[in-house]
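# Summary of the model geometry
Spelled out, the chains give:
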Amino acid sequence: MNRTGIVIILLCFLAAAAVVLWERRKTRKTMEEIERMLDAAMIGSFSETTFDESQLSALETKFAHYLSAAEASSQNIAQEKDKIKTLIADISHQTKTPIANLLLYSELLMEETMPASAKANVEALYKQSEKLRFLIDSLVKLSRLENGIISLSPQPAALQPLLESVVEQYTAKASEKGLSLQMQDTDAFAVFDFKWTAEALANIVDNAIKYTEHGTIRISAVSYEMFARIDISDTGSDIPENEQAKIFARFYRSNSVQKQEGVGIGLYLARQIISGEGGYIKVASVPGKGSTFSIFLPK
């Protein structure tokens, strides 16, 4: 090969190398620009500007359009949450006084001398008003949780004070029904939001009292390496295996308990709370021996 041929090959090689370097530089700039866009989007400060198509790649342009649409969608979601927050506050405010009045006047009527049939009607009115108040309160709490209006704040803490607060709250109700509410002391710790976890436990204990005719309700906790488990056991009616997954659904009520009080939202709310803390709930039931609800909380 003569000298001219060698020079031509070298020139071709250099040209190819220059093209590769130029493409790499262009790709690097594109990636840097996309990274900048992502950083801005992550902190909520991304805004689309006028792009020079001769300087900006098609990929960057499409990506910028996508992030602009995502930013607009995020703003729309925030506005919808504000509307829901206002609506929930209005429902809570507008229903609180009428329900309180229903309960008050029902109590006043029950103190009056009246025929047995009328007294029974007034007592039924009072119970239904209580049920309505519980339903409204539960729906407001649930809506606030589901829409992020209320945020859980899990913190490392001992379980003993949590269990004691629930037992103190329900001992009188259990005694009125002739039930024994017992708690086993524990030194277990977990990561949880005290107020909302107490709400979840209270819903489960309330159900245990409601569906147990005689016997004992026991609350205990055990610690493992990665999590802590709280058990709430009762000697009430068992839960059929084909219904054990359904009882945590919103408004679900088994045919076997339709005559009992309740609206079918307590267990759903409890599961939402525990799931929001990174935990979960299981139920085990043995015919003729009762049921055990187990709450698993992260450590």
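Here is a short report on the structure shown in this document. (Residues numbered from 1 in each chain as written. Predicted model: local features only at pLDDT ≥ 70, side-chain atom pairs only at ≥ 80, totals over all residues. Heavy atoms only, no water.)

### With respect to the pairing of strand S6 (residues 280-286)
- A one-sided burial pattern is seen for S6, the buried positions being Ile281, Val283 and Ser285 and the unburied ones Tyr280, Lys282, Ala284 and Val286.
- Hairpin remark: S6 followed by strand S7 (residues 290-298), antiparallel, with 3 residues in the connecting loop; positive phi at Gly288, about 85°. (Buried < 20%, exposed > 50% of the residue type's maximum accessible area, 1.4 Å probe, protein only. Helix = DSSP H or I, 4+ residues; strand = E, 2+ residues; numbered from the N terminus. Pairing = 2+ DSSP bridges.)

### Thoughts on the environment of Arg133
- Of note, Arg133 is situated in helix H3 (residues 116-146).
- A residue is classified by how much of its surface remains accessible, and Arg133, at 36% relative accessible area, is partly exposed.
- Expressed as a C-alpha distance, the spacing of Arg133 and Lys96, which sit 37 residues apart in the sequence, is 7.8 Å.
- Contact partners of Arg133, with chain neighbours within four places excluded, come to Ile99 and Leu103. (Contact = heavy atoms within 4.5 Å.)

### Focus on the side chain of Asp231
- When you line up the elements, Asp231 lands in strand S5 (residues 227-233).
- A relative accessible area of 11% places Asp231 in the buried class.
- In this structure the side chain of Asp231 is engaged in a polar contact, spanning 2.8 Å, whose partner is the side chain of Arg229.
- Sequence-distant contacts of Asp231, that is, excluding residues within four places in its chain, are made with Arg218, Ile219, Ser220, Thr292, Phe293 and Ser294. (Polar contact = N/O pair within 3.5 Å; in protein donor to acceptor, adjacent residues only side chain to side chain.)

### Re the pattern of salt bridges
- Taken as a whole and assessed by the stated rule, the structure comprises 4 salt bridges.
- Across the pair Arg229 and Asp231 runs a salt bridge, and its minimum N-O distance is 2.8 Å.
- Three or more residues are tied together by salt bridges with common partners; here these are Lys173, Asp206 and Lys210. (Salt bridge = Lys/Arg side-chain N within 4 Å of Asp/Glu carboxyl O.)

### So, the packing of aromatic side chains
- A complete count under the given rule lists 3 aromatic pairs for this structure.
- Members of the aromatic cluster, each reached through a chain of ring pairs, are Tyr224, Phe227, Tyr280 and Phe296. (Phe/Tyr/Trp six-rings, centres within 6.5 Å; stacked < 30°, edge-to-face > 60°.)

### With respect to helix H5 (residues 194-210)
- Along its 17 residues, H5 runs 24 Å from first to last C-alpha, staying within 8% of the 24 Å computed at 1.5 Å per residue.
- Among the 17 residues that make up H5, 14 are buried, leaving the element largely enclosed by the rest of the structure.
- Residue Asp193 occupies the N-cap position of H5, its side-chain oxygen lying 3.2 Å from the main-chain nitrogen of Lys195. (Expected span 1.5 Å × (residues − 1).)

### Observations regarding helix H4 (residues 160-176)
- Along its 17 residues, H4 runs 25 Å from first to last C-alpha, staying within 8% of the 24 Å computed at 1.5 Å per residue.
- Of all bends in H4, the biggest is about 40°, found at Tyr170.
- Listing the buried residues of H4 in full gives Gln160, Leu162, Leu163, Val166, Val167, Tyr170 and Ala174.
- Trailing H4 by a residue or two, Gly178 shows a phi angle of about 80°, which is positive. (Bend = angle between axes of the 7 residues up to and from the residue.)

### A look at the sheet that holds S7
- Taken together, 5 strands build an open sheet; the order of strands is S2-S4-S5-S7-S6 and the sheet is mixed. With partners counted over all chains shown, the strands left at the sheet margins are strand S2 (180-183) and S6, one partner each. Going from strand to strand, the sheet's axes swing by 15° on average, the running direction of each strand aside.
- The pairing of S6 with S7 spans 7 bridges and is antiparallel. Across the sheet, the residue bridging to Val283 is Phe293, located in S7.
- Against the sheet, H4 contacts S2, strand S4 (216-223) and S5, and its axis sits at roughly 170° relative to S2. (Axes fitted to C-alpha atoms, helices over the stretch in contact; angles between N-to-C directions.)

### So, the pairing of S5
- Where S4 and S5 come together, 6 bridges link them in antiparallel fashion. Among the inter-strand pairings, Arg218 is bridged to a residue of S5, identified as Ser233.
- One ladder, built from 7 bridges, connects S5 with S7; its direction is antiparallel. Looking across to S7, one finds that Ala228 is bridged to Leu297.

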